[in-house]
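# Fold and contact review
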Amino acid sequence: MKISLPQQRDGSQVTVETDGNPIVIVGANGAGKSRFSSTLGASLGDRAFSLSALHGLYVRDNSSVSQSSVGRMCCSTDTLPAELRDAGHNELELLMARLMHDEMLNLLDYKLSRSDGNDKPLQRTRLDEVIELWQEVFPGNKILVESGRFLFSRDNDGDRYSALRLSDGEQAVIYYIAGVMYAPDHAAIFINSPEMFLHPTIMQALWSRIELLRPDCTFIYTTHDLEFTSSRSRASVVWVRDYDPAAVAWDYSVLPDSGSLTEDVYQAIIGARKPVLFIEGDGVHSIDAKLYPLVFREFTVKSLGSCNKVIEATRSFNDLSGFHHMDSYGIVDRDRRDQHEVNYLRGKRVMVPEVAEIENILMLEDVIKAVAHSRGRDENKVFGKVSAAVISQFSQALKAQALMHTRHRVKRTVEYRIDGRFTNINMLEEHIMMLHREIAPRKIYEDFCRQFRHYVDTRDYAGVLKVYNQKSMLPASNVAALCGLRSKDEYVAVIIELLRTSGPDARRIIRAVKRCFGLDANDAADAKAEKP
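## What about the overall build of the chain?
- Scanning the chain from terminus to terminus reveals 26 helices and 15 strands.
- Taken across its 532 residues, the chain has 47% of its residues classed as buried.
- When the accessible surface of the chain is totalled, it reaches about 26200 Å², and 51% of it is carbon and sulfur.

If you want it as structure tokens, here you go:
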């Protein structure tokens, strides 16, 4: 969809090609971003569909509701009975009434078709989508439909209660999901303050999932929250700096990709309802931040930067488990850690993959085959050529890799073994000389060379991925071209896009990544689900 933005101060207009990606309008309070958004919506006419949790949950005046997108959708048709349209409900209640009404019509149609001898299956409805996603966002909570009413309950409490007892955040999630489901085909869905009532730890995952509900629509967010802005990694970010009311024009710019806003480290994560998974990377541009939230969907994923921060945060968070009653895990690259170090970290709930680094995960056999399959290529031929190229590349760098592993092993051994209790320099010098004899770095180096040569001679691709630290491996392997793609970045983008779906290739990638961490990936269940 091409969208022409409002007029700039110099009289020009900017056109944004969304390609299905969202637009984020961001700016300080008073910069004119709300007026910018409303002007943009007016220019799109019937394609614009607006949602605001503040308006949807609290405005109960009939005239105001009837002018809203949800009000027009619910009240300008004959699908809702007059008593529901005219009772002064707010937008959330209108949406819930519409969901229930459509559900009843679907059940009636199903019963009539069965009575006519038609074995047509019961159709999936918007209400099914709302219940499924809401319960995913709030684990341990249930939506029940009983006697034409919505009721709610929690696993640890048998009490059933109405929507009036839900928190603002719980109500807002229902409002947003249902509202998006009822937007017209190919609409531009305007979301005002998408962070309102939502805890930061659920906000990113929620909007990513909601966007998947309507891939035909373009989402346009208006916010001053930089944390939310940074979470929309594929968005066109419009920075509104100022507004000239006399000219009805704005000072704004569309930020280039290189100017994406960075995310600050979260200071409060205890409000999350899912277990927390700390990862390396910057939270916006790193492969870790793009891959792991889509693989480990059962977690709230938080990027911390360095591996040391991940290890420390996991330890500290678990030390406070008696306070927040939540599990915490971490993920760090294997790098050149030996098995002793790996086992130690795993014992501290820090997961370490059976490959050297995050780029190597993208080179797992089943990941390559899934991408090749999705592009209509012979996956076995593609993998055969890629594995041969990687092993050849590793063979040429074998001694350099062995030396780097040796340096790491020596460094770690010295850190473990050195004794700081010395009374003079002679004792320290003698201790270090003795360590040199005990460590025997040349022997370590020769052992690594033999081990690595064995991987090459036996064509042990998995063994190579486990020890090979080389970020140029992916482009040098020619995997992108063999899959019919133009570059490494496009190869990574295809993996991420596949993971955004729920198809067999996505499940195959998820299984491969989880097996790489020694986790149960429900192979049998997933394999059964893939059968036609």
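## Quick look at the pairing of strand β11 (residues 249-254)
- Across 6 bridges, the pairing between strand β10 (residues 236-244) and β11 is antiparallel. Bridge pairing in β11 links D244 to A249.
- Hairpin connection between β10 and β11: a loop of 4 residues separates the two successive antiparallel strands, and V248 in this loop has a positive phi of roughly 50 degrees.

## Things to note about the pairing of strand β9 (residues 218-223)
- Along β9, 6 of the 6 residues are buried, which leaves the element largely enclosed by surrounding structure.
- Side chains T218, I220 and T222 of β9 all project onto a buried face; the interleaved residues F219, Y221 and T223 project onto the opposite face, where all are buried too.
- Pairing geometry for strand β3 (residues 23-26) and β9, over 4 bridges, is parallel. Counted as the bridge partner of I23 is I220 from β9.
- Examined bridge by bridge, strand β8 (residues 188-192) and β9 share 5 bridges and lie parallel to one another. The residue of β9 that forms the bridge with I189 is F219.
- The parallel pair β8 and β9 is bridged by helix α9 (residues 200-213), and the resulting crossover is right-handed.

## Regarding the packing of helix α16 (residues 365-374) against helix α17 (residues 379-396)
- Put simply, α16 and α17 touch, their axes get as near as 8 Å, and they point 130 degrees apart. Here α16 lies oblique to α17, going by the angle between them. The crossing of α16 and α17 is right-handed. Here E365, I368, K369, A372 and H373 of α16 come into contact with α17, specifically with E379, N380, V382, F383 and V386.
- For the contact of α16 with α17, the per-class residue count stands at 5 nonpolar, 2 polar and 3 charged.

## A few points about the nonpolar core
- Formed by 65 residues in total, the largest nonpolar core has its most connected members in L291, I361, M363 and Y491.
- It is helix α24 (residues 488-499) that provides the largest number of residues to this core, a total of 7 residues.
- If you look at the next biggest cluster of nonpolar residues, it comprises 54 residues, including W134, I202, M203 and I210.

## Side note on the sheet that holds strand β6 (residues 149-154)
- Read from one edge to the other, the open sheet built from 3 strands follows the order β5-β6-β7, with strand pairing classed as antiparallel. Only two strands of the sheet have a single neighbouring strand rather than two, namely β5 (141-146) and β7 (157-161). Going from strand to strand, the sheet's axes swing by 25 degrees on average, the running direction of each strand aside.
- Strands β5 and β6 of the sheet are contacted by helix α7 (residues 126-137), whose axis makes an angle of about 155 degrees with β5.

## Observations concerning the pattern of salt bridges
- Evaluated as defined, the whole model comprises 31 salt bridges.
- A salt bridge links E129 to R124, with the nearest nitrogen and oxygen atoms 3.3 Å apart.
- Judged by relative accessible area, E129 falls into the partly exposed class, the value being 22%.
- Put simply, K471 and E359 hold a salt bridge, and the shortest N to O gap is 3.3 Å. With K471 in the loop between α21 (461-467) and α22 (473-476) and E359 in helix α15 (residues 358-361), this residue pair connects regions lying 112 residues apart in the sequence.

## Section: the packing of aromatic side chains
- Tallied over the full model, the rule gives 22 aromatic pairs.
- Each ring, one from F296 and one from F517, has its centre 5.9 Å from the other, and the planes form 75 degrees; the classification is edge-to-face. Taken together, the positions of F296 in the loop between α11 (287-295) and β13 (300-305) and F517 in the loop between α25 (504-516) and α26 (523-530) put the pair 221 residues apart, joining distant regions of the chain. One exposure class covers both F296 and F517, and it is buried.
- Pairwise contacts between aromatic rings join Y175, Y176, W207, F219, Y221 and F228 into one cluster.
- Geometry around W239 places R241 over its ring, the cationic atom sitting 4.9 Å from the centre.

## Remarks on the sheet that holds strand β12 (residues 276-280)
- One open sheet accounts for 4 strands, arranged β13-β12-β14-β15; its pairing is parallel. Where the open sheet ends on each side, the last strands, each with one partner, are β13 and β15 (350-351).
- As defined by bridge partners, strand β14 (residues 328-331) adjoins β15 across 2 bridges and the pair is classed as parallel. Across the sheet, the residue bridging to G330 is V350, located in β15.
- Helix-sheet contacts for α11 involve β12, β13 and β14, and the interaxial angle to β12 is about 155 degrees.

## Examining the confidence of the model for the chain
- Looking at the chain as a whole, its pLDDT mean stands at 83, while 87% of the residues score no less than 70.
- When the criterion is pLDDT under 50, residues 258-272 qualifies, and its contacts beyond four places in sequence or with other chains add up to 35 contacts.
- Long-range and interchain partners of residues 523-532, a stretch whose pLDDT sits below 50, account for 11 contacts in this model, where long-range means more than four residues apart.

## Quick look at a nonpolar patch on the surface
- Residues M104, L107 and L122 make up a contiguous nonpolar surface patch of about 250 Å² in total accessible area.
- Structurally, M104 can be placed in helix α6 (residues 91-115).

## Quick word on the side chain of S193
- With respect to the helices and strands, S193 occurs in the loop between β8 and α9.
- On the basis of relative accessibility, which here comes to 15%, the residue S193 falls in the buried class.
- What S193 contacts, discounting residues up to four positions off in sequence, is Y176 and T222.

## Let's talk about the packing of α16 against α24
- Contact geometry of α16 with α24 gives a least axis separation of 10 Å together with a crossing angle of 85 degrees. One element, α16, and the other, α24, form an angle in the roughly perpendicular class. When α16 is examined against α24, the residues V367, I368, A370, V371 and S374 are found in contact with a partner set consisting of Y491, V494, I495 and L498.
- Looking at side-chain class alone, the contact of α16 with α24 contains 8 nonpolar, 1 polar and no charged residues.

Each value, and the rule that gives it
Along each chain, residue indices are assigned from 1 in the same order as the chain's sequence is written. Owing to the predicted nature of the model, reporting of local features is limited to residues with pLDDT of at least 70; listing and counting of side-chain atom pairs is limited to 80 or more, with chain, interface and lining totals taken over all residues. Note that the side-chain values use all heavy atoms of the structure and ignore hydrogens as well as water. Counting from the N terminus, the helices are the DSSP runs of H or I reaching at least four residues and the strands are the DSSP runs of E reaching at least two. The buried label applies to any residue whose accessible area, calculated with a 1.4 Å probe on protein chains only, is under 20% of its type's maximum; exposed applies above 50%, and partly exposed to all values in between. In short, Shrake-Rupley with a 1.4 Å probe defines the accessible areas, and a residue's cover is counted only from the protein chains shown. Note on pairing: DSSP must find at least two bridges between two strands before they are called paired. Orient the strands so they point away from the viewer, and a crossover whose first-strand-to-second-strand path over the helix runs clockwise is right-handed. Orientation is described by lines fitted to C-alpha atoms, with helices fitted over the stretch in contact, and by angles between N-to-C directions that extend from 0 to 180 degrees. Each angle is binned into one of four classes, with values under 35 degrees roughly parallel, values over 145 roughly antiparallel, values of 65 to 115 roughly perpendicular, and all other values oblique. By convention, the crossing between two helices is left-handed when the near helix turns anticlockwise from the far helix through less than a right angle, and right-handed when the turn is clockwise. We call two residues in contact whenever any of their non-hydrogen atoms come within 4.5 Å of each other. In this classification, the charged set is Asp, Glu, Lys and Arg, the nonpolar set is Ala, Val, Leu, Ile, Met, Phe, Trp, Tyr, Cys and Pro, and all remaining amino acids, among them Gly, are polar. For the purposes of this section, nonpolar cores are sets of buried Ala, Val, Leu, Ile, Met, Phe, Trp, Tyr and Cys residues that join through side-chain atoms within 4.5 Å. Salt bridge criterion: a side-chain nitrogen from Lys or Arg within 4 Å of a carboxyl oxygen from Asp or Glu. For Phe, Tyr and Trp, rings pair up if their centres lie within 6.5 Å, where Trp contributes its six-membered ring, and each pair is then called stacked (planes under 30 degrees apart), edge-to-face (over 60) or tilted (otherwise). Charge over a ring is defined by NZ of Lys or CZ of Arg lying within 6 Å of the ring centre and within 35 degrees of the ring normal. pLDDT is defined as a per-residue confidence score from the predictor, taking values between 0 and 100. The residues that make up patches have over 30% relative accessible area and no salt bridge, and they are joined within 9 Å when like-charged or within 5 Å when they are Val, Leu, Ile, Met, Phe, Trp or Tyr.

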